[in-house]
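# Working through the structure, step by step
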Amino acid sequence: MITDLFIDELNVRLKLLDIRKLKTRAEEILNTLPEERRQKALCYRKEEYQIRSIGSTFLIMQTVSWQKVYFGKYGKPLAYGKNFNVSHSGNYVVLAESEKSIGVDIEELKDDITADLIEVGFTKREKGWIGNSHIRFYILWTRKESLLKCVGTGFGMNPNQIDALPEKHLVQYMGNFYQLFSTVFDKHIISIALNSTKSL
């Protein structure tokens, strides 16, 4: 049900939970979650959203004691002594864990791209790089979202202020440097952002 991956070059551990396999155990796992997380999962009308919510909490609980978890201003889950982040899309929930502050985003690869998002979310250079490629769109989108999740703001900040082209493995944002990394896993794009002490 959970696939463990380790990205050596970043010293990052990924846990991928296949929600198709979680469905058969969803009720059992739901009953092990803290009450507020059970209620949050049950608030979703669509079963797939309920399963992803259950899976997110389940993965966090596999990483850190829930009593130590608290949430940042923009909803990022945090815990003293642990750096992790969680995301979900399509068939997977992913949790990334590192010694540094980290953000992760996963998106299922689809054949369509949203013109409105391209217009407001990307720099001129990025728009040129994307062209009509849905894969390139998802690579850049997940890189931006993982960075903003690493910062802790999510899309409370404007994504077109970040140049996340894959030629750059290190980007500067709001005075800090971040390593960016992207990979494909079972028709999903996963991007990771790490706070870095390196400079351009």
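Notes on the structure follow.

Cut-off values and rules
- Residues numbered from 1 in each chain as written.
- Predicted model: local features only at pLDDT ≥ 70, side-chain atom pairs only at ≥ 80, totals over all residues.
- Heavy atoms only, no water.
- Pairing = 2+ DSSP bridges.
- Helix = DSSP H or I, 4+ residues; strand = E, 2+ residues; numbered from the N terminus.
- Axes fitted to C-alpha atoms, helices over the stretch in contact; angles between N-to-C directions.
- Contact = heavy atoms within 4.5 Å.
- Expected span 1.5 Å × (residues − 1).
- Salt bridge = Lys/Arg side-chain N within 4 Å of Asp/Glu carboxyl O.
- Core = buried A, V, L, I, M, F, W, Y, C linked by side-chain atoms within 4.5 Å.
- Buried < 20%, exposed > 50% of the residue type's maximum accessible area, 1.4 Å probe, protein only.

### Focus on the sheet that holds strand 5 (residues 83-89)
An order of 1-2-6-5 is seen for the four strands of this open sheet, with the pairing classed as antiparallel. Of all the strands in the sheet, just strand 1 (2-7) and strand 5 have a single pairing partner and so form its edges. Here the strands of the sheet are splayed against their neighbours by 20 degrees on average, with no regard to which way each runs. Contacts from helix 4 (residues 47-63) reach strand 1, strand 2 (12-18), strand 5 and strand 6 (92-98), with the element oriented near 25 degrees to strand 6.

### Thoughts on helix 7 (residues 134-151)
The terminal C-alpha atoms of helix 7, which comprises 18 residues, lie 26 Å apart, in line with the 26 Å expected from a rise of 1.5 Å per residue. G152 occupies a position one or two residues after helix 7 and carries a positive phi of about 105 degrees.

### A word on the pattern of salt bridges
As enumerated under the stated definition, the model contains eight salt bridges in all. R38 serves as the salt-bridge partner of E35, at 2.3 Å between the closest nitrogen and oxygen. Remark: R38 and E35 occur in helix 3 (residues 35-43); sequence separation between them is three residues, near one turn of the helix. Among the ionic pairs, K82 bridges to E97, the shortest N-O distance being 2.9 Å. Separated by 15 residues along the polypeptide, K82 in the loop between strand 4 (77-79) and strand 5 and E97 in strand 6 bring together distant segments of the chain. Here the residues in one salt-bridge network are D18, R20 and D186, joined through shared partners.

### Thoughts on the nonpolar core
Of all hydrophobic cores here, the largest spans 21 residues; its most connected members are L17, I29, I54, I60, V64, F84 and V93. Among the elements of the structure, helix 1 (19-22), helix 2 (26-30), helix 4, strand 5 and strand 6 are those that each provide at least two residues to this core. Take this core: its biggest share by element is five residues, from helix 4. Judged by nonpolar contacts, the second largest core, of 20 residues, contains L140, L148, V171 and L180.

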